[in-house]
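Structural description and commentary
For reference, the chains in residue letters:
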Number of protein chains: 2
Amino acid sequence: MIKERHGKTFETALSQGKVDEQMESLCRFISGTKGYYTSSCCSGRIMLLEKRGDRKKDNLFHRKWHREVSLEELLEGLRENTRGELWFKLEPFILHIGCANLRDSVKVLGAMKNAGVKRGGIIVAEKEKFLIELQGTERMSFRVKISGRAMVGEDYIDSIFPMANRMLAKNYSRLERLESEFRKTLR
Amino acid sequence: MIKERHGKTFETALSQGKVDEQMESLCRFISGTKGYYTSSCCSGRIMLLEKRGDRKKDNLFHRKWHREVSLEELLEGLRENTRGELWFKLEPFILHIGCANLRDSVKVLGAMKNAGVKRGGIIVAEKEKFLIELQGTERMSFRVKISGRAMVGEDYIDSIFPMANRMLAKNYSRLERLESEFRKTLR
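What you see is a predicted model; the values in this text were computed from it and never measured.

Calculation rules
Residues numbered from 1 in each chain as written. Chains lettered and ligands numbered in written order. Predicted model: local features only at pLDDT ≥ 70, side-chain atom pairs only at ≥ 80, totals over all residues. Helix = DSSP H or I, 4+ residues; strand = E, 2+ residues; numbered from the N terminus. Buried ≥ 20, exposed ≤ 12 C-beta atoms within 10 Å, placed from the backbone. Core = buried A, V, L, I, M, F, W, Y, C linked by C-beta atoms within 7 Å. Domains from an automatic or database assignment. Contact = placed C-beta atoms within 7 Å. Pairing = 2+ DSSP bridges. Nonpolar A, V, L, I, M, F, W, Y, C, P; charged D, E, K, R; others polar. Least-squares fit on C-alpha atoms with pLDDT ≥ 70 in both. Expected span 1.5 Å × (residues − 1). Bend = angle between axes of the 7 residues up to and from the residue.

Per the secondary structure count, chain A includes 5 helices and 9 strands. Each helix (α) and strand (β) of chain A, taken in turn from the N terminus, gives the series α-α-β-β-β-α-β-β-α-β-β-β-β-α. Projecting the C-alpha coordinates of chain A onto the three principal axes gives extents of approximately 55 × 30 × 30 Å. Residues classed as buried in chain A amount to 35% of the 187 residues present.

Next comes the structure, spelled out in structure tokens:
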């Protein structure tokens, strides 16, 4: 029943273009299995995050890309006026997979291990409701502006963005390996 | 049996000063319970990491502090000669807790949730051997030098280190809350 509900949510999200392109094939596969479903997921991203306070809800996506990014795009985002603090962030994929029991959960952990995904585990273990969270490890995070004032030069961004792109590409190829492992073991 | 073996390992690590001070009380409590043990753990840290290659084993701790850090300590570490890339990193706590069954594992997840720890789950679920990994979320990560050449000015370090210290303090107080939740529920 839970799977059916999530299946519908997934189809709706898909039709509204709310599923990251890099994640679509994997999520579509999971959704098509008999025993598993996906709830929230993000394929990994590079972003300029505006922090206007201490709480997560005070954060604003000034720019967000679920793909590699160009220097021009970054500088354009950086040159625009912002309030609060502006952070450059590279975040890895995160994926929630649901199933009905421990045995099925353990199969997800096995596939995860085979794909070389280092972070992940069963976060909910209730009767008929098991949830596994998986996450990549590629990250970068630093402050670039405070109330409109640049803290790093554009030359720093120029030197760091190819590496952020490489890390994001690595994150996406890890996702592909994960999908291929899932296809081997999840039914 | 597994608990007994890990208990001895913990006592040895403790006597050799290998257990982070900020983690000692929590690990000591876990180790004193009837049903649980800790294996690897790190209380969270600020570090200057020297990357000499792509693999984790090519990394070298140029400097590492399991406590808040002063500007002088950072600059001293930064001014010293390094090869490869030097990264400034703030990493959150990570903790592995073992127990014998799903029921006991779920208690750890409950305490984790009550303590406001967002990342964590059961990573091993075998007969008589369950392992839960918990991790904080405070992070910072950026490159500061390439083959001896500074990529950010010392003024940037000056502006960012108080925030890194605040994030590390938040990480440690989260650990304290986690310990207090463990003390309520784990036996």
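The structure having been displayed, the exposition proceeds.
This next bit is on the nonpolar core. Residues and elements named next belong to chain A. By size, the foremost hydrophobic cluster in this structure holds 91 residues, and its most contacted members are Met 112, Ala 164 and Leu 178. At 10 residues, helix α5 (residues 154-185) tops the list of elements feeding residues into this core. Residue contributions to this core reach at least three from each of two domains, namely domain 1 (1-42 + 94-135) and domain 2 (45-92 + 140-180). Setting aside residues no more than four positions away along its own chain, Leu 178 makes contact with Leu 26, Ala 111, Met 112, Ala 115 and Val 117.

Bringing the pairing of strand β5 (residues 94-99) of chain A into the picture now. Note on strand geometry: in a regular strand, side chains alternate between the two faces of the sheet. Residues and elements named next belong to chain A. Of the pairings in the sheet, the one linking strand β1 (residues 37-42) to β5 comprises 4 bridges and is antiparallel in character. Of the residues in β5, the one forming a bridge with Thr 38 is Ile 97. Across 6 bridges, the pairing between β5 and strand β7 (residues 129-135) is antiparallel. If you follow Gly 98 over to β7, its bridge partner there is Leu 131.

All names here are of chain A. Unlike most non-glycine residues, Glu 128 shows phi in positive territory, near 70 degrees. With respect to the element layout, Glu 128 can be found in the loop between β6 (119-126) and β7. With a phi close to 30 degrees, Ser 147 is a non-glycine residue in the positive phi region. Looking at the secondary structure, you find Ser 147 in the loop between β8 (140-146) and β9 (149-150).

Listed per partner, the contact involves 19 residues of chain B and 19 residues of chain A. The set of elements that each furnish at least two residues to the side of chain B that touches chain A consists of α4 (102-114), β6 (119-126), β8 (140-146) and α5 (154-185) of chain B. Looking at the side of chain B that touches chain A, the element that brings in the most residues is β6 of chain B, giving 5 residues. Class assignment for the residues of the side of chain B that touches chain A results in 12 nonpolar, 4 polar and 3 charged.

Before going further, it helps to examine the domain arrangement of chain A. Residue and element names in this part refer to chain A. Examined at the domain level, chain A breaks down into domain 1 (1-42 + 94-135) and domain 2 (45-92 + 140-180). Listed per partner, the contact involves 14 residues of domain 1 and 9 residues of domain 2. Mapped by element, the contributors of at least two residues to the side of domain 1 that touches domain 2 are α2 (21-32) and α4 (102-114). Broken down by element, the residue count for the side of domain 1 that touches domain 2 peaks at 6 residues, all from α2. Class assignment of the residues belonging to the side of domain 1 that touches domain 2 gives a composition of 8 nonpolar, 4 polar and 2 charged.

When chain B is fitted onto chain A, the two copies agree to an RMSD of 0.0 Å after a turn of 180 degrees and an axial shift of 0.0 Å. Interpreted geometrically, this transformation is the action of a two-fold axis.

This paragraph deals with α5 of chain B. Residue and element names in this part refer to chain B. The first and last C-alpha atoms of α5 sit 47 Å apart over 32 residues, in line with the 46 Å expected at 1.5 Å per residue. Ile 160 marks where α5 bends most, by close to 30 degrees; the proline Pro 162 follows one to four residues later. If you check which residues of α5 are buried, you get Tyr 156, Ile 160, Phe 161, Ala 164, Leu 168, Asn 171, Arg 174, Leu 175, Leu 178 and Phe 182.

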